[in-house]
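# Secondary and tertiary structure notes
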Amino acid sequence: MTAALSNEYDPSIEALAQACAITFQGNASNNLQQDAFFFLDNWYQEDLGVMAVTSVELPFCLAVSDGVASSNYSQYCSKAVVKAIGWLWDNKKKLTSEGIQHLIDKTKHSSKRHGAAATLAMIVGELNSDRGVKATITHVGDSRVYWLPKGAAQWQCLTRDHNLLNELIDQKAQEQGRYAEFSDYNREGMAGSLYSITECFALTTDDSYTSSEAPESISRRVDVNSGDYLLVCTDGIHDLVPSHEWQPVSADTDLQEWLITLKNQVYDSEGNAYDNGTAILLRFD
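These figures come from a predicted structure and were not determined experimentally.

Applying the stated criterion across every chain yields a total of 3 salt bridges. Put simply, K134 and E126 hold a salt bridge, and the shortest N to O gap is 3.8 Å. A relative accessible area of 15% means that K134 is categorised as buried.

The subject of this paragraph is unusual backbone geometry. The step from L58 to P59 runs through a cis peptide bond, and the omega angle for that step is -10 degrees. Considering the arrangement of structural elements, one finds P59 in the loop between β5 (54-56) and β6 (60-66). One non-glycine residue, L40, lies in the positive phi region at around 70 degrees. Position of L40 relative to the elements: it lies in the loop between β2 (35-39) and β3 (42-44).

Within β2, 5 of the 5 residues are buried, which leaves it mostly tucked inside the rest of the structure. Bridge analysis of β2 against β3 gives 3 bridges, and the strand direction is antiparallel. Following the sheet pairing, F38 is matched in β3 by W43. The turn joining β2 and β3, which pair antiparallel and follow one another in sequence, is formed by 2 residues; a positive phi near 70 degrees is taken by L40.

In terms of burial, strand β1 (residues 17-24) is largely enclosed, as 8 of its 8 residues are buried. Judged from the 3 bridges that link them, β1 and β5 form a sheet pairing that is antiparallel. Its bridge partner being in β5, A17 is matched across the sheet by V56. Note that β1 and strand β15 (residues 277-284) share 8 bridges and pair antiparallel. Counterpart to T23 in the pairing with β15 is T278. As defined by bridge partners, β1 adjoins strand β4 (residues 48-50) across 3 bridges and the pair is classed as antiparallel. Counted as the bridge partner of F24 is L48 from β4.

What counts, and where the lines are drawn
Residues numbered from 1 in each chain as written. Predicted model: local features only at pLDDT ≥ 70, side-chain atom pairs only at ≥ 80, totals over all residues. Heavy atoms only, no water. Salt bridge = Lys/Arg side-chain N within 4 Å of Asp/Glu carboxyl O. Buried < 20%, exposed > 50% of the residue type's maximum accessible area, 1.4 Å probe, protein only. Helix = DSSP H or I, 4+ residues; strand = E, 2+ residues; numbered from the N terminus. Pairing = 2+ DSSP bridges.

Next comes the structure, spelled out in structure tokens:
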């Protein structure tokens, strides 16, 4: 069953969108799956899998978390992030980086997990004041959310990575007395060190007497309409297959097959799937 969106949205109609998720370990050098994700009502951390296409109702939550590979224990942090999202969602609490980090801090980890960290990209869909659908986008680090409005040819990135490169772009713009353009961010083909993450969640260990500081997060809202698409993914996707190389999508597209094709593009890329990859694709009917 489908629903018209925006001002025509009828909350008495249950399903308003279709969603599908895919995750894979890839050829990560540490042989670990450090991605985790939250899909509507549960969290997952799998070496390889593609979800069945699932009907989506309001409200909904979709999120990915990528363990930062500087630690071989970061899979525990990404799992802690999505488990915290699940608890907050089930208990109808506000989904904020502070709330997520607070729950992570409640579980102390062994000292060997010191340095374990993770990113986040999350979409929460709700009814807005115009009886349309409002998507709130929240992210930490370099996991991203993309939006393809109906009729558009190019995906739009809605998130600005928290990394050294983007901080340098902001600094340069400030020195010139201007604001950076969003198109200046998230550049491709730059030196790897400039992609170092500046904001992330972190585990609290047994030998730590203080809680970890909640990372800086950025949130924005977009109104979505029938025929729009959203995609939330980890850097193992967008680093190796930029959005302009993604296959076209339409009302006839099989979401599961589209994500499998994207996974194959990651393996066929020059980077040969050197990282874990997770993506969730959402189509508004």
